[in-house]
Amino acid sequence: MIHVYTTTHNESYMLPFWLRHYSQFASRMYVLDDASTDSTREIAQSYPNTTLIDYPFRRGLCEGDIAHAYAEYSRVFSRDKAQWAMFPDCDELIHPDGLADVLTSARVLSCKVVQCKGYFMVSDQPP
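These lines cover the structure that appears in this document, whether it is placed above or below. Computed from a predicted model, the values in this text were never measured in an experiment. Each chain has its residues counted from 1, running along the sequence as written. Whole-chain, interface and lining totals are the exception, using all residues; otherwise, since this is a predicted model, local features are given only for residues with pLDDT of at least 70 and side-chain atom pairs are given and counted only at 80 or more. Derived side-chain values reflect all non-hydrogen atoms in the structure, with water molecules and hydrogen atoms excluded from consideration.

**Here we look at the packing of aromatic side chains**
Under the convention used in this document: Only centres within 6.5 Å qualify two rings of Phe, Tyr or Trp (six-membered ring in Trp) as a pair; their planes then separate them into stacked at under 30 degrees, edge-to-face at over 60, and tilted for everything else. Working definition: helices are DSSP H or I runs of at least four residues, strands are E runs of at least two. Numbering for both runs from the N terminus. Only protein chains enter the area calculation, which uses a 1.4 Å probe; residues under 20% of their type maximum are buried, those over 50% are exposed, and those in between are partly exposed.
Applying the stated criterion to the full structure yields 10 aromatic pairs. Relative to Phe77, the ring of Tyr30 lies with its centre 5.0 Å away and its plane at 25 degrees, an arrangement referred to as stacked. One end of the pair, Tyr30, is in strand S2 (residues 28-33); the other, Phe77, is in helix H3 (residues 63-77), and 47 residues separate them in sequence. We classify Tyr30 as buried; its relative accessible area is 4%.

Dropping the structure here:
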């Protein structure tokens, strides 16, 4: 069982792609929204197996606050419920091919953190 978390602020463009992608293998998705003024919140609320959470800080999205929020919410929502928790940005799509094998191997080796290799992709069209 995999839970996936992301933070958003006016991500109505990317969030539908993110939700569709991670729903392929995540049992639960959590969207921590930083007071979006577009349709980000409505998109998150309309998607199955997704929980919308108000981002707890009011000073914008900064790495330290995001890490603190992820640690707290994953402790509350995922500890003892999910085998893995992932924290990709809203514009990061982790390819699911071979993911189950990687995570199974990591568990066997008692790894607690698995780092992904990332690539920048640029396009004139959405994914």
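**Re the environment of Arg79**
Mapped onto the elements of the fold, Arg79 is located in the loop between H3 and strand S4 (84-86). Its relative accessible area of 52% is what places Arg79 among the exposed residues. Along the backbone, Arg79 and Cys111 are 32 residues apart, and their C-alpha atoms lie at a distance of 16 Å.

**Some points on the pairing of strand S3 (residues 50-54)**
The line we're drawing: When DSSP finds two or more bridges between a pair of strands, those strands are recorded as paired. The definition of a right-handed crossover adopted here requires that, viewed with the strands pointing away, the path from the first strand over the helix to the second runs clockwise.
One ladder, built from five bridges, connects S2 with S3; its direction is parallel. Looking at S3, one finds that Tyr30 is bridged to Thr51. Read from S2 through helix H2 (residues 40-46) to S3, the crossover connection turns out right-handed.

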